[in-house]
Structures are given as C-alpha cells and as structure tokens.
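Residue strings, one per chain:
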Amino acid sequence: MTPAATLVDDPPPPEATPAAAGHRAGSQFALWRGFLIRRLGGAAANVVLLVLLTFFIVQLIPGDPATAIAGDNATLEQVETVRHELGLDQPILAQLGHYLAGVAHGDFGQSFRYHLPATQIVRNAAPYTLSIAALAVVLVLVLGVGTGVVVGIATRGDRNRWLDRAFTWITSLVQSIPPYLQATLLVLVFAVWLSLFPPAYTLAYGFWESAVLPVAALSIGGIASVARIVRRETGVVQEMDFMRTARGWRLPPLVRYAKHLLPNILTTALTLAGIILTSMLGSALIVETVFAWPGLGSTVIQAIAVDKDYPVIQAAVFFIGFISILITLAIDTVLGIIDPRTLGTGHG
Amino acid sequence: MADATPDTKRRFAWNGTLICGLVMGAIILLTGLIAPFFLTEPATALGGGSSLGSVPGHPLGTDSLGRDMLARTLVATRLTVVMALGATAIAGAAGIALGIAVWLAPRKVRELGLRGIEFAVSYPTLLVAIMVAAILGKGTVTVVIAIGVANTAGFARLTANLAAGLSQRDYVTTARLIGVPRVRLATRHILPNMAEPMLILVAQAFAGALVEISGLSFVGLGSQSPSFDYGTLLRDALGKLMINPVLVVGPAMALVFASLAALFIGDGLAAAANPRSIGKRGRLRRVGQVPDAASEPPVLTATGVTVRHAATGRVLVEDVSFEIARGEILGIVGESGSGKSLTAAVVSRLVPEGIEAEATRLALGRTDLLGRVSQRELATRIGLVYQDPGTSLNPALTLGSQFGDVLTHHRGLSRKQARQVLVDGFAAVLLPDPAGRLRQHPHELSGGMKQRAMIASAMSTQPDLLIADEPTTALDVTVQREVLAIIKRLNRQAGTAVLFISHDIGVVRRLCDRVLVMREGRVVERIADPAAMTPDNVTHPYTAQLLAATPTVAIGGRAAAPAGGTAAAQAAAEVAP
C-alpha cells in the first residue's frame, strides 16, 4: 500500500515522553526484582515439592511398606521394628509432620544398614559426586560450546564438507555410547590394557588420578551433545538478518562471532545445557557404579537394590534433586543476564 | 536479501542418514522377533565350557555358566527393545496428553501446569527413575514404568511449547479470531503441525529409554535373573572385565548399534523436515575492461552487474548498469524476485551465500569495488538499512553496544566518543531520549523507532552512499512516512547519495530523483523524471502496469491519476530544510 497522502515533515514520534529515561531504569530494576522473586519463589516451591516427593517414596510402596522393606524372610517382629523405626505405625499426617520437622533440621532418620544418620552418609558421599560432576560440567561447556561454534562457522553454507561429515559421525557415535558403557570401555582401555589409571576408586592412588576416568566418562557424551546443539544453532544464527547487519559493518571476525553471534547461541545452548547438565547428574549416579566411586550414585543404588535403606534413599534423592534445582536456578539467572528478554517470561 | 531466497517451500527429503537408521532399526526389530525362537537354547543352556574367550563356536566367548554370549546378546534384543518401546509409549502418550491438557486449561491452571512440567523436566531423568524404582522395587516392569514416567515431562514440555509457539502463528491467530473453539484449535491446527518435531522426539526418547533402561539393568535395578537384557549382560561382563574382556563386546556392540539406529532415525527425520540449503560462499569478480572514469567520478558506478545462482547457473540479474551522483536518490523498483535486492547486495559487496556475481566496473567514487578494498573503507563509506528492523538488529545486544562497534573498529573512536556520535545521530532522526535508547535492547523499541535507529546507525559513519533495501516495507503506513521523510532530509542535509530499493512505485516516485524499473533481472526502463511519470508517458508496458496498479491520491474529490508530480513536489517542498 502506498501512503495515502503526501510526505509531511517528521511527525512528532508518538513515544516521545520526557520521563521515559527514568521510567525505564526503574522498569529494568523492577524486571529483575520480579524475576528474582519469581525464580526464588519457584525454587522454594520446588524444594517443598521435593520434600513431599521423598516423603511419599515410602508411602507409595505397594502393599504394606514395612513388610516390603523388611524383606520376604523377615519375622513379624522385624517387620514391626521397621514399621516403628519409619514411624509407619502412626497416622499419615503425624508421619508427615514428623518427617517435615526432621527435614527442617536436616534429619532424615537413621540408616538401617550403617546405623548412622542418613544425612551424614549423604554428606560423606556428596563431595565425591559433586567434584566429578562439576569438573565434567566445566569440560562440557568449554569444549562443547567451543567445538560447536567453530564447526558451525567452518561448515557454513556447504563449506568443508569433510568436517561436517566427520563431526556428524564422531558425535553420533559418541552420543550413542551410553556413559556407563563409555566408562566400561575406558576402564578396559586405560586401566586394564594400558594401566594408566586405576580401574576403580582406591586410596592407593590419589583422588584426582582416580577421578580422570569417571570425569571422562561423564563428560564425553555431554560434549558431543552440546557441540551438536551449538553447531546447529550457530548455523541458524549465522543466517539471521542481524548477522548480515554485522557483516555490513565489516566487523573483524572475532568481534562478529564472539560478540554478535555467541550471545544469541548461548540463550538456546544454555537452555539445553541445563537439561544436559542435570541429566549428567543422573548419569553420574550410574557411572559411579562402574568405578566403585563412593559417591551418591553408588550410595543410593546400593540403598535401593541391596539394602532397602529408605532413610538413605530419601536423603540422597532429596540432595540430588536439591542440586538440580540449584543448577536450574543458576542457568535461568545467567540467561537473564545474557538475554534480558527472558526476564519477563514465566519460564526459560 | 529478500529476493535471494525465493524457494522456502518445505518438502520431505529422504536422506542417507534416515535410510541407514531405518535399515538398522529393521535389523534390530527382526533380531528381536526371530532370535529368541532359534537361539534361546544356546543362550540359556548350562554346561558348555565356562568363561571361554573368543573361540570357534563361541566368537564372543561364554559366561561363567558356559552360556554363549553371542546368542545371549541376540536373544536379549527382544526384551531390551520391548522395554524401551514400552517406556517410550508410556512417556509419549502421557506426555502429549498432559501437554495438550495444560495448553487447553484456563490461564491459571495452565501457568501452574507449565511450572509443574518445568519442575519435572529440571530433574535428572535417572533420578526420577530411581525414585520410581525405590517405590516399586527392582524389576523389568519397574524400570519400564520408571523410565516412562521420567520421560513424560519431556514430551509434555515439547507439546506445550509447540502448542504455545504454533498458537502464535498467523493461521492459528486467525482461526482464534474468527471464533474457532480452543479444543478444535488443538485438534485441527496444533496437533497435526506437531507431527514432525514429535516424531523426532519419539526417536530420541526411544534411544534415551534404551540407554537408560539398560543403565538401570546395568546397576542391578532392572531385569533380574533369569531374564536378561543388554544391561544385565553388560553388568555380568563388567564383573569379568579383568579376566575375560571379550564378554563386553556383544552387549556393548548391540547397545551402540541400537541407540545409533534410533539416533540416525531422529537426525534423518530432522534433516528430512528441514533440508539444508546448499550454498557456497558468495563471489564477486570482474569481467572485461572499461576505461577509468572521468576526473570527477560519481559516488557509485555500476556497469554490467550480472548475478547467477551458483548451483544452477540461473541468471538472476543481467547486465545492470547505473550511476548515482552526490546528493542524488536513485530508486530501483520492481516486483519481488526482480533482482533489485541482489543488485544492492552486490553493490555493497555483501554477496549472499550460493550466489556468483560479476561486473565490468563497480566503483565507489575512485575506489574500485572489484579489487581489494579495506573493510574499513567499505564499512564507513557505505551505510546500510535493511527491510525488517525487527530481525536486522541483534536481539541480545543493546543498541549502543551493537551500533558502537562500527565506530570503534573503523573510525577509531573511543566507546565514549562513539556513544556521543550515536546520541547525536539518534537526535537527528528524532528518537526521543537518545541517550536512554543506547542502553536499550531492540525489543524495547517499536518497529518505526528501530528503523530510525538503524538509519541513524547507517549514517553515523558519514557514508558517501546509503543503501536502503525496502526500508519501509515492514512498517505501517504512518511510520513509513516518517522514515521516508528522514531519509530525504538526511540526503538533502548531508548530500549523501541514496540507493533506494522498493517494490512500491508510489513511494519511489515521491522520493527519488531517478528511477530504474527492474523485471526478471533486467532494467526495463530508466525514468529521469519520476515526478512526471504517468502510465501514458512511460515506454515499457510493465512500468505502466506498475503505475496503473498504484492506488492514487484523491484529495478533495480531485481525480488524481496523474497526481504523482504534484505530490512529490509537495513532499520535496515540505521536506526541504
């Protein structure tokens, strides 16, 4: 459509209000405050939900939980002992109240097997899991995003087809080997054949030396996943109009990619990375078993599969869930800093 | 540019990855179907040589009870696949239902539901699975339910997100506006359009379920002796890793093969849904020789610009020549696909991917654009304004940050000086609160403000040539007028030459000093006095058609077919400082 009248001199812009500047600074602050309140509130709600979920782990056991936990060969007396220890002989609301009061003090009850507070068992195991998980996270983010961006730029359009092929094949292969299998293969190659690293956690070796293979097993798959996502996203973002604008400004490649491209990839990449990171926490639970790594995974799986040690299960599940809530919160906050558009939205 | 990608139609493109994945998937299904009928005997019979390595008759060794690992692996396929399929089915059915239910729910419930889904997704799948396993105890059915439940949130989230995204689409908005009920909206417009991404997620979820279920069996939570799946076999093999490493081979290969198949199918589906355009780096080269220009060359000389599609060799622009003098506004008008935007792209040396361009002469003043030109010179002497200010600005950076780069990198200004230049520029295009705008992100401005900011940025380097490619097309009519007036004023004040691309001959007529009419890559008419053109005095019938198709102004009942001249003259008079 053609403007239906002649050109007039610049009409006064409708948005012109003198108070705009001050109002905007205020709204930015309000946006962040709203964001933080919403996020912290959400995280708190999630923690409450988590406490309830862990409470119901015992309650939802089909049949009579006490009988199931005590095992098939238990005497009636033993069943009753279990029932009493777990407080299952009380009305459910009383149990819940008791459970909540305990959790508020960091008390999940006594471990059946070790006769120690469950919290203490989790506290002893946590550093082992968190240290390898944190190392793996750093590796995944640095190497995954780095590789993804570089390959994405190098294969723009149809350039470097060989790289495209090689990248796709290698990442597909790596991704299709589950972490626990990678762990097994790593043990086979680096511990059994090459004897470079210990096959399992032992005090004979240093902590970090023992940690090499678990960290590798945890991070390799994540690196491949993140690299693929970032690479695809790089391809998409490169073709966007604003990247053409940046090319029009003839900015040096480093500025163009690091400043104009990267933030736009990070939004998507971090959103997905959040999922990958929490799933790595899950993988850690299984990978630990391969290395007899004395972390939360070995603890919780031993507690479920062998000991039916419910206080430990509840404490460990709560702790792992709590950590993943923290990770989500941290990622949302970083996203808000990188891309303020996400501040106003309800979720990621 | 707008004309460069005419083919955006999507169709299903079969590809090697997908076929490979489907073949592998078929092999797995067949194995799962057939193997237990023939191989159950060697897989479970005791009494052969126990803990053998790779020997004839037992290529993958035997376990501690003397059972053949190859047979065990093949037989285990059925249980493994059935478990993974079961878990995927549970997750898919429950997740899609939940996602749609959440989307259909009233606002309050929807918000709460979305929160709940986010909460569930933020949990590690395996943690959820372990919770379920803790409740139900270990076993085959337990892990299927556990993994199914754990993956439900992923499907629910994708469904809710897709539904939310699709409901923003124009056709859904339209349907809603004409009163289509929400449930019908979901079944007619939302769900059918989810098929593609959903299929991809199904493939991924299956791969995930396979790996996770095997993982749970691997740590002893899944299938229990005497039944066995890949995970239990792997668990047995891990125990013997030091003594008999060959036992790992069977279950490891099978697991990788199966999850590779699912991955290929997922990737293949994704690639089939969105085939990548094949493009090579754009190229620009010189053909032939023309004598150097006169002593006082025009701002821009373009001679014999020809553009081809690199892959097909199709000619998109053929032998286009023009000059723009200082202070002049040259318009190029034509329908979309006529090659006008490509011409502008070539002139600014931003040849798009997959395009080959050539020219006999392309010069910016005395600078030969076909030779080596410093990025600095290109950046500072050519200002660019694009069609859609909504997408042409970087959403992640503040205006000050992105507009400042060109000034700090190419004009050697400090950040502070650059800010000042931009503040002045913003003021010149009448943006309210110029200093405050610099701290804002593009999404905080209206379309018209963004385009004005864009023009200010393009002018901030004091270019000799401003190339405006459909700068008003994405804007509404009143905003168009502001933007046109600003371009005209800057042109008059600074003497900047302007190359103005538009499909709208009415706009071009009133703004430009001279006009080229392009059609199918060729210049069909050159109009020296656009103000005076009428359907009767132009030579090419296409120009006459364009003019006749332009609604003309009728003010005060005056029939205004030939009114262009008056209007433009009026505009010039009003715009002149």
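Preceding this paragraph is the structure being described.
The structure displayed is predicted, hence computed values, not measured ones.

Asker: Can you walk me through the sheet that holds strand β8 (residues 382-385) of chain B in this structure?
Answerer: Working definition: the strands of a sheet are paired by backbone hydrogen bonds and lie parallel or antiparallel to each other. Residue and element names in this part refer to chain B. The six strands are arranged β8-β9-β10-β4-β11-β12 in an open sheet whose pairing can be described as mixed. Where the open sheet ends on each side, the last strands, each with one partner, are β8 and β12 (522-527). Averaged over all pairs of adjacent strands, the angle between their axes in this sheet comes to 20°, without regard to strand direction. Sheet topology places strand β11 (residues 514-519) next to β12; five bridges connect them, and they run antiparallel. Bridging across to β12, V517 finds its partner in E525. This element, helix α18 (residues 477-494), spans β4 (329-333), β9 (465-469) and β10 (497-502) of the sheet and lies at about 155° to β10. Against the sheet, helix α20 (residues 541-548) contacts β11 and β12, and its axis sits at roughly 105° relative to β11.

Asker: Is there a simple way to explain empty space enclosed by the protein in this structure?
Answerer: Taking a probe equal in size to a water molecule and rolling it over the atoms shows the remaining empty space. Under the defined criterion, the tally for this structure stands at three cavities of 30 Å³ or more. Considering only enclosed or pocket space, the second largest cavity measures out at about 80 Å³ in volume. The wall of the second largest cavity is formed by 13 residues, among which W249 of chain A together with I382, G383, L384 and A458 of chain B lie closest to the centre. Broken down by secondary-structure element, the contributors of at least two residues to the lining of the second largest cavity are α9 (241-248) of chain A together with β8 and α17 (447-459) of chain B. Along the lines of polarity and charge, the residues of the lining of the second largest cavity split into eight nonpolar, five polar and no charged.

Asker: When you look at the packing of aromatic side chains in this model, what are you seeing that I'm missing?
Answerer: Aromatic rings considered in pairs are described by the distance between their centres and by the relative angle of their planes. All names here are of chain A. Taken as a whole and assessed by the stated rule, the structure comprises ten aromatic pairs over all chains. Ring geometry for F55 against Y99: centres 5.3 Å apart, planes inclined by 50°, an arrangement best described as tilted. Residue F55 is located in helix α1 (residues 20-59), and its partner Y99 is located in helix α4 (residues 92-104); the two are separated by 44 residues in the primary sequence. An identical accessibility class is assigned to F55 and Y99; each is buried. Seen in terms of ring centroids, Y128 and W293 are 6.1 Å apart; in terms of plane orientation they differ by 85°. Their pairing is edge-to-face. Pair noted here: Y128 is in helix α5 (residues 118-154) and W293 is in the loop between α10 (253-290) and α11 (296-307), with a separation of 165 residues, a long-range link. Relative accessible area serves as the criterion here: at 24%, Y128 is assigned to the partly exposed category. You can call W293 buried: its relative accessible area is 0%.

Asker: Explain the nonpolar core to me, please; I cannot follow it from the model alone.
Answerer: Here is a general trend for soluble globular proteins: nonpolar side chains tend to be buried in one another's company. Core analysis: the biggest nonpolar cluster contains 145 residues, and Y180, F291 and I313 of chain A together with L216 and L221 of chain B have the highest contact counts within it. The next biggest cluster of nonpolar side chains, apart from the first, holds 90 residues, and it includes F322, F403, V498 and L511 of chain B.

Cut-offs used in this document
Residues numbered from 1 in each chain as written. Chains lettered and ligands numbered in written order. Predicted model: local features only at pLDDT ≥ 70, side-chain atom pairs only at ≥ 80, totals over all residues. Heavy atoms only, no water. Pairing = 2+ DSSP bridges. Helix = DSSP H or I, 4+ residues; strand = E, 2+ residues; numbered from the N terminus. Axes fitted to C-alpha atoms, helices over the stretch in contact; angles between N-to-C directions. Contact = heavy atoms within 4.5 Å. 1 Å grid on protein atoms, 1.4 Å probe; cavity = no way out; pocket = protein on both sides within 12 Å on 5 of 7 lines; lining within 4 Å. Points joined across faces, edges and corners; volume = space filled by probe spheres on them. Nonpolar A, V, L, I, M, F, W, Y, C, P; charged D, E, K, R; others polar. Phe/Tyr/Trp six-rings, centres within 6.5 Å; stacked < 30°, edge-to-face > 60°. Buried < 20%, exposed > 50% of the residue type's maximum accessible area, 1.4 Å probe, protein only. Core = buried A, V, L, I, M, F, W, Y, C linked by side-chain atoms within 4.5 Å.

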